[in-house]
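Chains, contacts and geometry: an overview
Now for the letters of each chain:
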Amino acid sequence: NQPDRTRRQEAALAARIAAFASIVLTVLGLATFYLGSRLTAGAPLWLHLPIWISLTVGVFIQPISMLLVRFDHVGSERVVRVFQWVAYVAMGLFSLLLPFTMAVDVVLLALGLLDRGVAMAAESAPLLIDGAARNTLLGGLHLSVVSVALGITTVGFFRARSLARLVQVDVPIDGLPDALHGFRIAQISDIHVGPTIRRPYLQAIVDRVNELDADLVAVTGDLVDGSVETLRDHVAPLAELRARHGAWFVTGNHDYYSGVHS
């Protein structure tokens with residue numbers, strides 16, 4: 001019967017969410033261990049604990065922030081927003097630290113192989129990197145990695161707070177009817193209205209789009225990160241979008257995460 005089917009579906013959904021969460025937490029845990037072990041290599045001993053604490057908090061605050069988006073009615077809105085801002089900035093920093101650190105390891109591996117090759121050819125001890133030199137090199141490279149990642153994250157933070165740049169793209173289509181030549185589509189995408197993007201930002205986007213006097217407006221997914229109850233007022237400016245052939249919306253994965261069917 002219907003109640004039993006509904007319970008089975010809910011149980012299956014819960015099982016899939018649990019499996020997905022387990023995979024995500026495992027991957028995050030392994031990535032955190034890798035980063036911690038590498039960034040502490042060559043660093044002064046007194047920095048080891050702060051590095052481990054910063055990485056652990058910075059990484060695992062991300063899944064917590066995702067839960068807060070899904071249950072955004074819990075707690076103070078201001079506290080939740082600050083928490084999520086910290087989580088998103090930390091996620092951006094982590095996404096830079098990981099590949100940069102891996103690149104450093106590739107360079108070190110190449111230097112190590114070169115060192116061994118020179119030593120074998122000369123039938124002598126390794127020439128390029130001894131223990132002390134390796135620690136000095138590691139410390140300098142890891143300091144550079146952290147500095148560059150912090151710099152890019154800071155620039156990205158301020159860029160994210162500025163209004164999206166307008167890009168004009170001409171799309172040539174063979175056999176296009178004459179009536180459609182010059183047809184203009186204003187596309188906006190991945191606005192992610194939620195903890196960090198609120199009504200004033202969306203209003204500025206809507207005003208800019210309306211200035212274009214486009215033939216059609218296409219909103220192509222990932223419009224929101226949060227529930228209707230929380231974001232109703234913040235997405236209201238979308239009702240002001242104007243185009244000769246209307247404004248159209250296509251759902252994205254974040255819209256489904258936010259409960260597009262509810």
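Placed above this text is the structure.
Residues numbered from 1 in each chain as written. Predicted model: local features only at pLDDT ≥ 70, side-chain atom pairs only at ≥ 80, totals over all residues. Heavy atoms only, no water.

1. Focus on the overall build of the protein
When helices and strands are tallied, the protein shows seven helices and three strands. Reading the secondary structure of the protein in the N-to-C direction produces α-α-α-α-β-α-β-α-β-α. Counting contacts in the protein only where the partners sit at least 6 residues apart, residues at least 24 apart contribute 80% of the total. Carbon together with sulfur atoms contributes 67% to the accessible area of the protein, which is approximately 17000 Å² in total. (Helix = DSSP H or I, 4+ residues; strand = E, 2+ residues; numbered from the N terminus. Contact = heavy atoms within 4.5 Å. Areas by Shrake-Rupley, 256 points an atom, 1.4 Å probe, with all protein chains shown as cover.)

2. Considerations on the layout of surface pockets
Of the pockets and cavities examined, the second largest pocket occupies roughly 450 Å³. Of all elements in the fold, only helix 2 (45-70), helix 3 (77-122) and helix 4 (131-160) reach the threshold of two or more residues within the lining of the second largest pocket. The element contributing the most residues to the lining of the second largest pocket is helix 2, with seven residues. Here the residues of the lining of the second largest pocket are counted per class, giving 16 nonpolar, five polar and no charged. (1 Å grid on protein atoms, 1.4 Å probe; cavity = no way out; pocket = protein on both sides within 12 Å on 5 of 7 lines; lining within 4 Å. Points joined across faces, edges and corners; volume = space filled by probe spheres on them. Nonpolar A, V, L, I, M, F, W, Y, C, P; charged D, E, K, R; others polar.)

3. So, the side chain of His192
Counting through the fold element by element, His192 comes out in the loop between strand 1 (185-188) and helix 5 (199-211). There is a polar contact of 2.8 Å between the side chain of His192 and the side chain of Asp225. Beyond its immediate chain neighbours, meaning those up to four positions away, His192 contacts Ile197, Asp222, Leu223, Val224, Asp225 and His254. (Polar contact = N/O pair within 3.5 Å; in protein donor to acceptor, adjacent residues only side chain to side chain.)

4. Describing the packing of aromatic side chains
Counted under the stated rule, the structure contains three aromatic pairs. Summarising the aromatic geometry, the rings of Trp85 and Phe157 are spaced 5.2 Å apart at their centres and angled 65 degrees between planes, so their arrangement reads as edge-to-face. Placement of the pair is Trp85 in helix 3 and Phe157 in helix 4, with a sequence separation of 72 residues. Residue classification places Phe157 among the partly exposed residues on the basis of a relative accessible area of 33%. On the numbers, 5.3 Å between centres and 85 degrees between planes, the contact of Phe157 with Phe158 is edge-to-face. (Phe/Tyr/Trp six-rings, centres within 6.5 Å; stacked < 30°, edge-to-face > 60°. Buried < 20%, exposed > 50% of the residue type's maximum accessible area, 1.4 Å probe, protein only.)

5. Let's talk about the sheet that holds strand 2 (residues 216-220)
Taken together, three strands build an open sheet; the order of strands is 1-2-3 and the sheet is parallel. This sheet does not close on itself; its edge strands, each paired only once, are strand 1 and strand 3 (247-250). Here the strands of the sheet are splayed against their neighbours by 20 degrees on average, with no regard to which way each runs. (Pairing = 2+ DSSP bridges. Axes fitted to C-alpha atoms, helices over the stretch in contact; angles between N-to-C directions.)

6. Observations regarding the nonpolar core
Soluble globular proteins: nonpolar side chains tend toward being buried together. Grouped together as the largest cluster of nonpolar side chains are 18 residues, with contacts concentrated most on Ile191, Val193, Val209 and Leu241. Listed by contribution, the elements that provide at least two residues to this core are strand 1, helix 5 and strand 2. Sorting elements by how many residues they give to this core places helix 5 first, with five residues. With residues up to four places along the chain from it excluded, the contact list for Leu241 reads Val206, Val209, Asn210, Val217, Val219 and Ala247. Counting residues in hydrophobic clusters, the runner-up holds 17 residues, among them Leu39, Phe94, Leu138 and Ala149. (Core = buried A, V, L, I, M, F, W, Y, C linked by side-chain atoms within 4.5 Å.)

7. Thoughts on helix 5
Relative to the 18 Å expected for 13 residues at 1.5 Å per residue, helix 5 spans 18 Å between its end C-alpha atoms, a close match to the ideal helical length. Among the residues of helix 5, those classed as buried are Tyr201, Leu202, Gln203, Ile205, Val206 and Val209. Positive backbone phi, at 50 degrees, marks Asp213, one or two positions downstream of helix 5. (Expected span 1.5 Å × (residues − 1).)

8. Brief notes about a nonpolar patch on the surface
Nonpolar side chains collect at one region of the surface, where Val167, Val169, Val171 and Ile173 lie side by side and expose about 400 Å² of accessible area between them. Here Val171 shows up in the loop between helix 4 and strand 1. (Patch = residues over 30% accessible without salt bridge, like charges linked within 9 Å, V, L, I, M, F, W, Y side chains within 5 Å. Salt bridge = Lys/Arg side-chain N within 4 Å of Asp/Glu carboxyl O.)

9. Overview of the side chain of Thr101
One can find Thr101 in helix 3. On the basis of relative accessible area, Thr101 is assigned to the buried category, the value being 0%. Contacts of Thr101, omitting those with residues within four sequence positions, involve Tyr34, Leu35, Arg38, Leu39 and Val145.

10. Details of the pattern of salt bridges
A complete count under the given rule lists four salt bridges for this structure. Among the ionic pairs, Arg244 bridges to Asp213, the shortest N-O distance being 3.3 Å. In this pair, Arg244 sits in the loop between helix 6 (228-231) and strand 3 while Asp213 sits in the loop between helix 5 and strand 2, placing the two residues 31 residues apart along the sequence. Here Asp215 ties to Arg244 by a salt bridge, and the two come within 2.9 Å at their closest N and O atoms. In this pair, Asp215 is assigned in the loop between helix 5 and strand 2 and Arg244 in the loop between helix 6 and strand 3, connecting sequence segments 29 residues apart. Residues participating in the shared-partner salt-bridge network are Asp213, Asp215 and Arg244.

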